[in-house]
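# A look at the structure
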Amino acid sequence: MLNVSGIAASAGIAIAKAFILEHPDYSVEKRQINDVDAEIAKLDSALGKSRAELEAIKERTLQELGEKKAEIFASHLLILDDPELIDPVKSKIADEMVNAEFALNETASQFISMFENMKSAYLQERAADMRDVTKRVLNHLLGIDFMSPAEISEEVIVLAEDLTPSDTAQLNRQYVKGFATNIGGRTSHSAIMARSLEIPAVVGTKDILSQAKQGDLIIVDGLDGHVLVNPTDDVVAEYRAKQEQYDAQRAEWRKLRDEPTVTVDNVHVELAANIGTPNDVTGVLENGGEAVGLYRTEFLYMGRDKLPSEDIQYNAYKAVLEKMEGKPVVVRTLDIGGDKELPYLDLPKEMNPFLGFRAVRLCLDRLDIFRTQLRALLRASVHGNLRVMFPMIATLGEFREAKAVLLEEKEKLVAEGVAVSDSIQLGIMVEIPSTAVMADQFAKEVDFFSIGTNDLIQYTMAADRMNERVSYLYQPYNPAILRLVKMVIDAAHREGKWVGMCGEMAGDETAIPLLLGLGLDEFSMSATSILPARSQITKLSRADMQELAAKALEMQTAEQVVELVQSIQA
Ligand code: PEP
Ligand code: MG
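Along each chain, residues carry numbers from 1 onward, in the same order as the chain's sequence is written. All chains are assigned letters beginning at A, and all ligands numbers beginning at 1, according to the order in which they are written. Confidence filtering applies because this is a predicted model: local features only for residues at pLDDT of at least 70, side-chain atom pairs given and counted only at 80 or more, and all residues used for totals across whole chains, interfaces and linings. The basis for every side-chain value is the complete set of non-hydrogen atoms in the structure, without hydrogens or water.

### Section: the domain arrangement of the protein
Where we set the bar: Boundaries of every domain are those given by an automatic assignment or by a domain database. Should any heavy atoms of two residues lie within 4.5 Å, those residues are considered in contact. Buried surface area refers to the total accessible area, computed with a probe of radius 1.4 Å, that the two partners give up upon joining, counted for both partners together. The term salt bridge refers to a side-chain nitrogen of Lys or Arg lying within 4 Å of a carboxyl oxygen of Asp or Glu. Polar contact criterion, stated in full: a pair of N or O atoms within 3.5 Å, where within protein one must be able to donate a hydrogen and the other to accept it, and residues adjacent in sequence count only if both atoms are side-chain atoms. Starting at the N terminus, helices and strands are each numbered in turn, a helix being any DSSP run of H or I of at least four residues and a strand any DSSP run of E of at least two.
Along its sequence, the protein is carved into domain 1 (2-22 + 152-250), domain 2 (36-141) and domain 3 (267-538). Computed over C-alpha atoms only, the centres of domain 1 and domain 3 are separated by 28 Å. Taken together, the contact between domain 1 and domain 3 spans 17 residues of the former and 16 residues of the latter. Carbon and sulfur atoms supply 59% of the area buried between domain 1 and domain 3, which totals about 1500 Å² over both sides. Across the domain 1-domain 3 interface, the total number found is one salt bridge. When the shortest N-O distance is used, the salt bridge between Glu-504 and Arg-195 registers 2.8 Å. Across the domain 1-domain 3 interface, the total number found is three residue pairs in polar contact (both at pLDDT 80 or more). Secondary-structure elements contributing two or more residues to the side of domain 1 that touches domain 3 are helix 6 (165-170) and helix 7 (189-197).

Structure representation (structure tokens):
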């Protein structure tokens, strides 16, 4: 048995066989060919093999998951047999004397971008289907042996270098019991996605891929951050018991779903959730979330070949607002950069991407992108309780500029006769130390702050949040961080504004008593952390936590702060 440690990224225990996920290279080169018939025969053979595969997957999905889930593969079969796609591919091979994979890739790309530009959400989804089908046929043309995560049909633990948002979106929760990755930290985006999917996960193991092979028995311990490879029967039994205990604890927490979050001395705080896609809202409501405190819209921009249109965005924002039925929804404008890339923007590689051209910096430069998003948001605002928030604000000038663009777009829409809500709150993320220090000035101009500790900690401590080697410096409980948080909260309250926190610290058991004492109004976290947080807060007194926080602010080290908090938890 091997025991590989990593970072506990999503709570729970999972036991199943390993499924190694590695991404093939789908880049295709253009080649001139001599024998058109042979090339077309090669294409026909790849289409035939893809058809046989899809028939089998469709049948199995129908048996195991029902008609609805099988429909997707039925529509893939239709695409595969569609003469509107296949005929132009064959003509291209014949007319231009080019290889089949090139002809297919070029033709399919044209259809994909056409579908993506359609207004109807149905046709937009067809773009994703077309992309999947193209990859399947390319597997055969290029001789790639690849099974996509969507095809997994037995219980597995996915092991990967890292998982992209589109990988995680394809994971079927019925079969994928957990995952473990080589890279990443608690605040990397694969970890965040794992929590929203409620799949136990361990990230940053450095070498799980070289330690395990396809089919090995794996235990993912997302509570303590371990991955066990080929455990003995005794260890499996021990972990099954741990799994049962955790499930029982969760059942207890579930009873608090519809309860308010009130301290023993009657102070109400709001527990909100962080989401990445409209589908995550179901988990928010199931876990008793009172609001969405952070909607990371960048996931809408990822996993596709080009920028999402205004309508694609409008549909997504409207869906979230409607599902939340009037509860507040804080939507963050595009925060790309750092560990989130958009290949189609073709931005130059940077030496320090976390300190580079990202988030609002990019939006204020690429106003076309920014204006499209703001228009979509403003149009959606009438469907619920929308709050808009700008990420990575470093100066008042940036905030004012971004706000001016928003107001311009609002005016234009109103002039066009489009309805826009008049009560949209406008706030900023406080995740850059300069902004925390200047919070008193910002507080005069914004409606709210949301403290982004994932970045605030990395910038204050100068410790890359993705780099395991400096993770010892990633210290949420360092008095330096607590003092900055206090400055921000006090500054906002002096101006009668509210303050939330949407960094991972907001859902952290050790941080919660301190944040409560510092006066935080809204805690926004992974949906699965909400009920444990509610259970914890309802047992605490705000007055006592104020005393605790005051002591913590005077301590010298993060370790002392942890000891202090543990002394009240014992
Ligand atoms: C943060 O920085 O705390 C935050 C919530 O944003 P992200 O993790 O998306 O950078
Ligand atoms: Mg951030």
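### Some details on the site of ligand 1
Stated formally: Any residue with at least one heavy atom within 4 Å of a molecule or strand is counted as near it. Every accessible area reported is derived by Shrake-Rupley at a probe size of 1.4 Å, with residue values counting cover from the shown protein chains alone. Throughout this entry, Asp, Glu, Lys and Arg are counted as charged residues, while Ala, Val, Leu, Ile, Met, Phe, Trp, Tyr, Cys and Pro are counted as nonpolar. The remaining residues, Gly among them, count as polar.
Within the structure, ligand 1 sits among 15 residues, and Arg-296, Arg-332, Gly-452, Asn-454 and Arg-465 are positioned closest to it. In the model, an oxygen atom of ligand 1 is placed 3.3 Å from a nitrogen or oxygen of the Gly-452 main chain. In this structure, Asp-455 approaches ligand 1 through a side-chain N or O atom, which is 3.0 Å from an oxygen atom. When the free accessible area of ligand 1 is taken as 290 Å², the share hidden by the protein chains comes to 100%. Those elements that provide at least two residues to the shell around ligand 1 are strand 10 (291-296) and helix 18 (453-461). Per element, the largest residue contribution to the shell around ligand 1 is three residues, and it comes from helix 18. Class assignment for the residues of the shell around ligand 1 results in three nonpolar, five polar and seven charged.

### Considerations on unusual backbone geometry
To keep it simple, the criterion reads: Each residue's exposure class comes from its accessible area (1.4 Å probe, protein chains only) as a fraction of the maximum for that residue type: buried when under 20%, exposed when over 50%, partly exposed otherwise.
A positive phi is found at Met-97, a non-glycine position, where the angle reads about 55°. We note that Asn-266 has phi near 70°; this positive angle belongs to a residue other than glycine. Its location among the elements puts Asn-266 in the loop between helix 9 (233-254) and strand 9 (270-275). The class of Asn-266 is exposed, set by a relative accessible area of 65%.

### Quick word on the pattern of salt bridges
Applying the stated criterion across every chain yields a total of 36 salt bridges. The residue Glu-298 makes a salt bridge to Arg-332 at a minimum N-O spacing of 2.5 Å. Of this pair, Glu-298 sits in helix 11 (residues 298-301) while Arg-332 sits in strand 11 (residues 328-332), and the two are 34 residues apart along the sequence. On the basis of relative accessible area, Arg-332 is assigned to the buried category, the value being 3%. The salt bridge involving Arg-400 is made with Glu-445; its shortest N-O contact spans 2.6 Å. Here Arg-400, found in helix 15 (residues 396-415), pairs with Glu-445, found in the loop between helix 17 (439-442) and strand 14 (448-451); they are 45 residues apart in sequence, far enough to count as distant. Taking relative accessible area as the criterion, Glu-445 reaches 27% and is therefore assigned partly exposed. Put simply, Glu-310, Asp-311, Arg-371, Arg-375, Arg-379, Glu-408, Glu-409, Lys-412 and Glu-416 are held in one network by salt bridges that share partners.

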